[in-house]
Amino acid sequence: MNAPALDAEAAYARLRDSLRQGLAREPGRIVHIIGIHSGGAWIAERLHRDLGLQTPIGSLSSAFHRDDYGRRGLPAEMKSTALPFEIAGADIVLVDDILYTGRTVRAALNELFDYGRPRRVELAVLLDRGGRELPIEARYCGQAYPLPSERSFVLSRSPGHGFALRIE
């Protein structure tokens, strides 16, 4: 069986269009986008711009809330959480680059709830690689691309802010 083509820009376009359609189903909905560092924050920035959202954008680091923090340690480039709006009662779209086990999303939710209880949180991801260990599913997804556990995806951002994915 051949794997589907891996085109980060095409996956981004599908993700953007899916989110645009989802927001259009609820006119007047005030949504805040929060990107999970680092790849999710890149994607969130671009979605925020491309969708013309007027609400402030946020970014979130889930490093201290991961259940494998002791084994993984801190990332080489530690980013801080920046949420320039009230979380309590907010309607949030949490953005990540690649959904795998669900552990990063769980950690991000724990971090988010430290700031208050949102009204609603939906998940948007560029790529769903399967392999879930937790019951977490993206409402908006650019592409599903199953990948064996011994392999991984690496997302990069070009100077023009386009995206590229490669498999290692």
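First, a word on scope: everything that follows refers to the structure included in this document. (Residues numbered from 1 in each chain as written. Predicted model: local features only at pLDDT ≥ 70, side-chain atom pairs only at ≥ 80, totals over all residues. Heavy atoms only, no water.)

### A look at the packing of helix 1 (residues 8-24) against helix 2 (residues 39-51)
Line of reasoning, step 1. Where helix 1 contacts helix 2, the two axes come as close as 11 Å, and the packing angle between them is 55°. By the angle between their axes, helix 1 is oblique relative to helix 2. Our pair here, helix 1 against helix 2, has a crossing hand that is right-handed. Together, Glu9, Tyr12, Leu15, Arg16, Leu19, Arg20 and Leu23 of helix 1 and Ile43, Arg46, Leu47, Asp50 and Leu51 of helix 2 make up the contact between the two elements.
Line of reasoning, step 2. When the residues that make up the contact of helix 1 with helix 2 are grouped by side-chain class, the tally is seven nonpolar, no polar and five charged. (Axes fitted to C-alpha atoms, helices over the stretch in contact; angles between N-to-C directions. Helix = DSSP H or I, 4+ residues; strand = E, 2+ residues; numbered from the N terminus. Parallel < 35°, antiparallel > 145°, perpendicular 65-115°, else oblique. Left-handed = near helix turned anticlockwise from the far one by under 90°. Contact = heavy atoms within 4.5 Å. Nonpolar A, V, L, I, M, F, W, Y, C, P; charged D, E, K, R; others polar.)

### With respect to the packing of aromatic side chains
Line of reasoning, step 1. A full pass over the atoms with the stated rule returns two aromatic pairs.
Line of reasoning, step 2. Seen from their ring centres, Tyr12 and Phe163 are 5.8 Å apart, and the 50° between their planes marks the pair as tilted. Here Tyr12, found in helix 1, pairs with Phe163, found in strand 7 (residues 163-167); they are 151 residues apart in sequence, far enough to count as distant. Neither Tyr12 nor Phe163 differs from the other in exposure class; each is buried.
Line of reasoning, step 3. An angle of 80° between the planes, with centres 5.4 Å apart, marks the rings of Tyr145 and Phe153 as edge-to-face. Exposure class is identical for Tyr145 and Phe153. Each is buried.
Line of reasoning, step 4. A cation over a ring is seen here: Arg46 above Tyr12, with NZ or CZ 4.0 Å from the ring centre.
Line of reasoning, step 5. A cation over a ring is seen here: Arg129 above Tyr100, with NZ or CZ 3.7 Å from the ring centre. (Phe/Tyr/Trp six-rings, centres within 6.5 Å; stacked < 30°, edge-to-face > 60°. Buried < 20%, exposed > 50% of the residue type's maximum accessible area, 1.4 Å probe, protein only. Lys NZ or Arg CZ within 6 Å of the ring centre and 35° of its normal.)

### Concerning the sheet that holds strand 4 (residues 120-128)
Line of reasoning, step 1. Spatially, five strands are ordered 2-1-3-4-5 in an open sheet, and the strand pairing comes out parallel. Looking at which strands have only one partner, the edges of the open sheet turn out to be strand 2 (58-60) and strand 5 (140-144). The mean inter-strand angle of the sheet, taken between neighbouring strand axes irrespective of direction, is 25°.
Line of reasoning, step 2. In the sheet, strand 1 (residues 31-36) pairs with strand 3 (residues 91-99) via five bridges, with the strands oriented parallel. Bridge pairing in strand 3 links Ile33 to Val93.
Line of reasoning, step 3. Along the sheet, helix 1 contacts strand 1, strand 3, strand 4 and strand 5; its crossing angle with strand 5, the most-contacted strand, is approximately 155°.
Line of reasoning, step 4. On top of the sheet, helix 2 reaches strand 1, strand 3 and strand 4; it is set at about 150° to strand 1, its chief contact. (Pairing = 2+ DSSP bridges.)

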